[in-house]
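One-letter residues, chain by chain:
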Amino acid sequence: MKILVLFTLLITLAGCGKKSERVYSVEELPADRQLLADTIEKCRNNPGELRGTPNCTNAEAADWKARLDGMGKALGG
């Protein structure tokens, strides 16, 4: 009986964990400039915790891609 109670408690606590944040792809982020800017700002303000997260990695890649596309257009490409 004690094992059943302990097991139930562990399952309940596992469900109370931190809710996961939606992960945006590199293609989604440039489509919403505000979301991209907010994500980059959040990541740069807290690099110790967020630097390696999927959203920060994807936001940096999307920003880099958008800058390259902008340079290409500026140079007539």
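See the structure shown above.
Report on the accompanying structure. In this numbering scheme, every chain counts its residues from 1 along its sequence in written order. Residues qualify for local features only when their pLDDT is at least 70, as the model is predicted, and side-chain atom pairs are given and counted only at 80 or more; totals for whole chains, interfaces and linings, by contrast, use all residues. Only hydrogens and water are removed before side-chain values are computed, so all heavy atoms of the structure are retained for them.

Here's the deal with helix α3 (residues 33–45)
Move 1: The helix and strand labels rest on DSSP assignments: H or I over at least four residues marks a helix, E over at least two residues marks a strand, and numbering proceeds from the N terminus. One less than the residue count of a helix, multiplied by 1.5 Å, gives the span that helix is expected to have. With 13 residues, α3 should reach 18 Å at 1.5 Å per residue; the first-to-last C-alpha distance of 18 Å fits that figure.
Move 2: Think of it in three bands: residues with accessible area under 20% of the maximum for their type are buried, residues over 50% are exposed, and the middle band is partly exposed, with areas taken using a 1.4 Å probe on protein chains only. Of the residues making up α3, those classed as buried are L36, T39, I40 and C43. One side of α3 carries all its buried residues, which in axial view fall inside an arc of 95°. Counted as exposed and oriented over 90 degrees from the buried face of α3: Q34 and N45.
Move 3: Whether two residues are in contact is decided by their heavy atoms: any pair within 4.5 Å suffices. Residues of α3 that are buried in the fold lie against α2 (28–31), α4 (47–50) and α5 (54–74). Each C-beta atom gives one direction from the helix axis, and the arc is the one those directions make.

Some remarks on the side chain of N55
Move 1: Position of N55 relative to the elements: it lies in helix α5.
Move 2: The class for N55 is buried, based on a relative accessible area of 7%.
Move 3: Not counting chain neighbours up to four residues away, the residues in contact with N55 comprise E21, R22, V23, Y24 and T39.

A closer look at the nonpolar core
Move 1: In this structure, L29, L36, I40, A59 and A62 together form the largest nonpolar core, which totals five residues.
Move 2: Of all the secondary-structure elements, those providing two or more residues to this core are α3 and α5.
Move 3: In contact with L36, other than residues within four places in its own chain, are L29, P30, A59, A62 and D63. Side-chain atoms within 4.5 Å are what join buried Ala, Val, Leu, Ile, Met, Phe, Trp, Tyr and Cys residues into a set we call a nonpolar core.

Quick look at the side chain of N58
Move 1: Tracing the backbone through its elements, the reader meets N58 in helix α5.
Move 2: Dropping the residues within four chain positions of it, N58 is found in contact with V23, Y24, S25, V26 and L29.

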